[in-house]
Amino acid sequence: MTVTIVGSQLGDEGKGALVDLWGGDADIVVRYQGGDNAGHTVVEDGEEYKLSLVPSGAVRDKVGILGNGCVINPRTLFSEIDDLRERGLEPDVRLAKRAHVIMPYHRRLDNIEEEAKADSDLTVGTTGRGIGPTYEDKAGRRGIRVGDLLDRDVLRQRLEYVVPKKKSLIEDVYGLEAGEECDIEALIDEYAEFGRRLRENDMAVNCGDFLAERREAGENVMFEGAQGTLIDIDHGSYPYVTSSNPTAGGAATGSGLGPTVVGQGEVVGIVKAYLSRVGEGPMPTELKDDDREEELADYIREKGGEFGTVTGRPRRIGWLDIPMLRHAARVSGFTGIAVNHLDVLAGLDEIKVGHAYEHDGEERLTIPATTEEWAKCEPVLKEFEPWPDVDWSEVAEEGYDAIPDAAQDYLDYLAEELDVPVYAVGVGPDREQTVQLTNPFDE
Ligand code: GDP
Ligand code: IMO
Ligand code: MG
């Protein structure tokens, strides 16, 4: 059985919380794309874990795999593993030998390119983690893979080819000075040492084979998507996207199990009850048009703690966008959804959602394929009756019927529009503060 968790909006939907909840029934948790641009929060008994690279299942002693579709910064990985060890956990993390490695020059180039775009409206607002440049090298067939770290000679050969190219890019194209990120000998020493550590701890695997064997033995696999549908490189608001496929198709290509395996399982879209976005790009339902909207956005931002897990940047805030969710449900073929942050909207005197868009005098139910057209869409708002603030821990204990009626209406509307059932409702950050209707591993 597999369960795939996908962000249905712009990232930070609270995926980590659901991976943690349902990960209890998984034997293996697999990240299939992205890298340390992700920031997933797991809260257990008030203890908070912020994970960028280690799969969220690590907090539950599951085997965590970084699949071939990921880009891995070994510096981040080992420092995260060491931190978790210091907190008394023993994370069992394996890396696909086919996954690509984020090198120091990738990070440098990520920042240089953002800087170069700073005066145009092409700035993406990346996390600066080197994600895009690493995927570029993967597609350009000049990347360094985890498997290459295991053999110093191979690593040397790859770096001796690629580093001079990065150096001339930094110096000749951007007119800057290359630094230690282009010191081949130092890179070989540091990264071969990472390779030694991977070998010593038996951490590098053939991901597809590893997963297939465990599945044959009857184990459950959870695919942990990072980022979200609208920052997917194919289905998102290009160019304001990340460089991978967070949508469900990525779970197959990024792990080495077939689409039929992923498709036979459950695919759960994680929905935040409103919208947040870090970085640039259109957001038709953004709350920013007047003082009143800005005040509301500030209130939600504070109450929901909407500041980037990785970068600390304040997140942009908007009403829930239903055309966006219809798009996400189709792209990934959701079998169910989990709706988080219902508690954050409690006690407001108005609740709205973008039910449709108006574009060129016509009403549209889904998002246009070009970002320029999307940016021109005006939301057609639908009002909902607000729900009161209540003791959400009590609600979580009592179950679905304890959720205020108006909030239940909101959830019913969502399920109907997307034509999928609600599997869970998040009413607070803690593992205990989720109302579960269906465990996808029981489906
Ligand atoms: P992810 O990247 O999708 O895993 O989400 P993040 O961890 O970046 O951001 C979600 C934030 O919301 C974290 O601080 C979570 O602890 C918190 N969170 C998750 N679900 C809920 C919820 O239902 N209510 C509230 N108030 N916070 C939640
Ligand atoms: P999780 O997994 C929200 C955004 C960045 C930027 C764009 C490209 O925590 O939901 P990148 O560094 O990936 O090249 O940046 O994507 N972004 C995220 N936004 N949540 C994330 O991850 C994100 N990962 C990247 O802000 O707009
Ligand atoms: Mg996050």
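Structure first, text after, so check above.
Residues numbered from 1 in each chain as written. Chains lettered and ligands numbered in written order. Predicted model: local features only at pLDDT ≥ 70, side-chain atom pairs only at ≥ 80, totals over all residues. Heavy atoms only, no water.

> It is not clear to me how the site of ligand 1 should be interpreted in this structure. Could you clarify?
Among the 18 residues in the neighbourhood of ligand 1, the closest are listed as Lys15, Gly39, Thr41, His341 and Asp343. A distance of 2.6 Å separates an oxygen atom of ligand 1 from a polar atom in the side chain of Thr41. In this structure, Val427 approaches ligand 1 through a main-chain N or O atom, which is 3.4 Å from an oxygen atom. Here ligand 1 has 580 Å² of accessible area as a free molecule, and 93% of this is covered by the chains. Elements represented by at least two residues in the shell around ligand 1 include exactly α1 (15–23) and β3 (40–44). Classifying every residue of the shell around ligand 1 by side-chain character gives three nonpolar, 10 polar and five charged. Inspection of the shell around ligand 1 shows a minimum of three residues originating in each of domain 1 (2–95 + 205–266) and domain 3 (271–442). (Near = heavy atom within 4 Å. Polar contact = N/O pair within 3.5 Å; in protein donor to acceptor, adjacent residues only side chain to side chain. Areas by Shrake-Rupley, 256 points an atom, 1.4 Å probe, with all protein chains shown as cover. Helix = DSSP H or I, 4+ residues; strand = E, 2+ residues; numbered from the N terminus. Nonpolar A, V, L, I, M, F, W, Y, C, P; charged D, E, K, R; others polar. Domains from an automatic or database assignment.)

> Explain the coordination of the magnesium ion (ligand 3) to me, please; I cannot follow it from the model alone.
Every protein donor of the magnesium ion (ligand 3) is listed here as Asp12 (OD) and Gly39 (O), and their distances to the metal cover 2.0 to 2.2 Å. Residue Asp12 is located in the loop between β1 (2–7) and α1, and its partner Gly39 is located in the loop between β2 (28–31) and β3; the two are separated by 27 residues in the primary sequence. Here Gly39 falls in the buried class, since its relative accessible area comes to 11%. (Donors = N, O, S within 2.8 Å, 3.2 Å for Na, K, Ca; no water. Buried < 20%, exposed > 50% of the residue type's maximum accessible area, 1.4 Å probe, protein only.)

> Help me out: how do you make sense of the site of ligand 2 in this one?
Asp12, Lys15, His40, Thr127 and Thr242 are the nearest of the 21 residues found near ligand 2. At 2.7 Å from an oxygen atom of ligand 2 is found a side-chain nitrogen or oxygen belonging to Lys15. Asn37 has a polar side-chain atom sitting 2.9 Å from an oxygen atom of ligand 2. Within the shell around ligand 2, the residues separate by chemical class into eight nonpolar, 10 polar and three charged.

> Would you mind going over the state of the cysteines with me for this structure?
Cysteine pairs can be covalently joined through their sulfur atoms, and such a bond is termed a disulfide. In total, this model carries zero disulfides according to the counting rule given. Unpaired in this structure, Cys70 has its nearest cysteine sulfur neighbour in Cys207, at a distance of 8.3 Å. (Disulfide = S-S within 2.5 Å.)

> Honestly, helix α7 (residues 184–200) in this entry has me stumped. Any pointers?
An α-helical segment advances 3.6 residues per turn. Residues three or four places apart therefore align on the same side. Over its 17 residues, α7 extends 24 Å from the first C-alpha to the last, a length consistent with the 24 Å expected when each residue adds 1.5 Å. Within α7, burial applies to Ile184, Leu187, Ile188, Tyr191, Ala192, Phe194, Gly195 and Leu198. Seen along its axis, α7 keeps its buried residues to an arc of 155°; they face one direction. Asp202 sits one or two positions beyond α7 and adopts a positive phi of about 55°. (Expected span 1.5 Å × (residues − 1). Arc of directions from axis to C-beta.)

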